[in-house]
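Listed below, chain by chain, are the residues.
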Amino acid sequence: MSGYWLALPPLLLIVAAWWLARFAEADWGHAWMQPLDGLNRLFCRHYHRLHGDHLALPAQGPAIVVANHLSGLDPMLLLAASPRPLRFIIASEQYHRFGLTWLFRAVGCIPVDRGGRPERAFREALKALQQGEVIAIFPHGTIHLDHEPRRRLKPGAVRLAEMAGCPIHPVRLDGMRAQGAIFKPVFLRGQARLLARAPRHCGKGQGQACLHQLEQDLAPMPGDRMGDKENRS
């Protein structure tokens, strides 16, 4: 009889994974990633009450997603709204956080060494775009709250779009709690919202104009609900 009890936990895990995989929408190419995709979508939509737009990405081919960066919850919200896998460019110190590197590697994150050789990450991102993948970037470079002095966007996304000949999809996020923090917003229930702006096509020689357009896309607009003010500092 004890053998049946020993077999029960693995069986329950298999059933749970099968059930979660039913909610997956992006094809990660690995069966074990599908339950994680489904779990993240359920978590963001029901616990964090994510509402708003889905990312209208092309069904195939390269694309770049850029978003404002308010919290550590932001990548999860973008993944929950995307019909395709997203490969995030993230700081190497975040990529190598204890216990999380396996996950960042599994979802194809590209670490960038901001104090060393950031061009390596740029080349890897360009290669991924040339292979038809979707790259996600927070062009402020770090968490940047709406009430802080406006910070110029880094030009990497525009340069990649010019070289890969692909559209940039700007996204405005808000509604999460404990903005400015990494882990706290993941656990505090908010009213997350995602607004997808119109895609931008940045041709050669249009870099500055495109950056200016993206700054406007990512900034709060009249009528946008701001995230709660608690713990913003």
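Summary of the structure given here. On a predicted model such as this, the values are computed, not experimentally measured, just so you know.

### Observations regarding the overall build of the protein
Each helix and strand in the protein was counted, giving 9 helices and 7 strands. Against the 2.2 N^0.38 benchmark of 17 Å for 233 residues, the protein shows a C-alpha radius of gyration of 19 Å, consistent with a compact globule. Seen through its principal axes, the protein has C-alpha atoms that stretch 70 × 40 × 35 Å. Put simply, the protein has 233 residues, and 44% of those count as buried. Partitioning the intrachain contacts of the protein with sequence separation of at least 6 by distance along the chain shows that 71% fall at a separation of at least 24.

### A look at the state of the cysteines
Within the structure shown, the criterion is met by 1 disulfide. A sulfur-sulfur separation of 1.6 Å characterises the disulfide bridge that pairs Cys202 with Cys210. We classify Cys202 as buried; its relative accessible area is 7%. We classify Cys210 as buried; its relative accessible area is 2%. Lacking any disulfide linkage, Cys44 is separated from the closest cysteine sulfur, that of Cys109, by 15 Å.

### Describing the sheet that holds strand β4 (residues 110-112)
Pairing is mixed in the open sheet, where 7 strands are placed in the order β1-β7-β6-β2-β5-β3-β4. Of all strands in the sheet, those with a lone pairing partner are β1 (51-52) and β4, marking the two edges. Examined bridge by bridge, strand β6 (residues 168-174) and strand β7 (residues 193-196) share 4 bridges and lie antiparallel to one another. The residue of β7 that forms the bridge with Asp174 is Arg193. Helix α7 (residues 156-164) rests against β2 (63-67), β3 (87-91), β5 (134-137) and β6 of the sheet, and its axis sits at about 165° to β2.

### Looking at unusual backbone geometry
A negative phi holds for most residues other than glycine; trans holds for most peptide bonds. Unlike most non-glycine residues, Arg49 shows phi in positive territory, near 55°. The residue Arg49 is located in the loop between α2 (33-47) and β1 in this model. At Ala178, a position not held by glycine, the phi torsion is positive, near 55°. The residue Ala178 is located in the loop between β6 and α8 (184-187) in this model.

About the criteria used
- Residues numbered from 1 in each chain as written.
- Predicted model: local features only at pLDDT ≥ 70, side-chain atom pairs only at ≥ 80, totals over all residues.
- Heavy atoms only, no water.
- Helix = DSSP H or I, 4+ residues; strand = E, 2+ residues; numbered from the N terminus.
- Rg over C-alpha atoms; globule rule 2.2 N^0.38 Å.
- Buried < 20%, exposed > 50% of the residue type's maximum accessible area, 1.4 Å probe, protein only.
- Contact = heavy atoms within 4.5 Å.
- Disulfide = S-S within 2.5 Å.
- Pairing = 2+ DSSP bridges.
- Axes fitted to C-alpha atoms, helices over the stretch in contact; angles between N-to-C directions.

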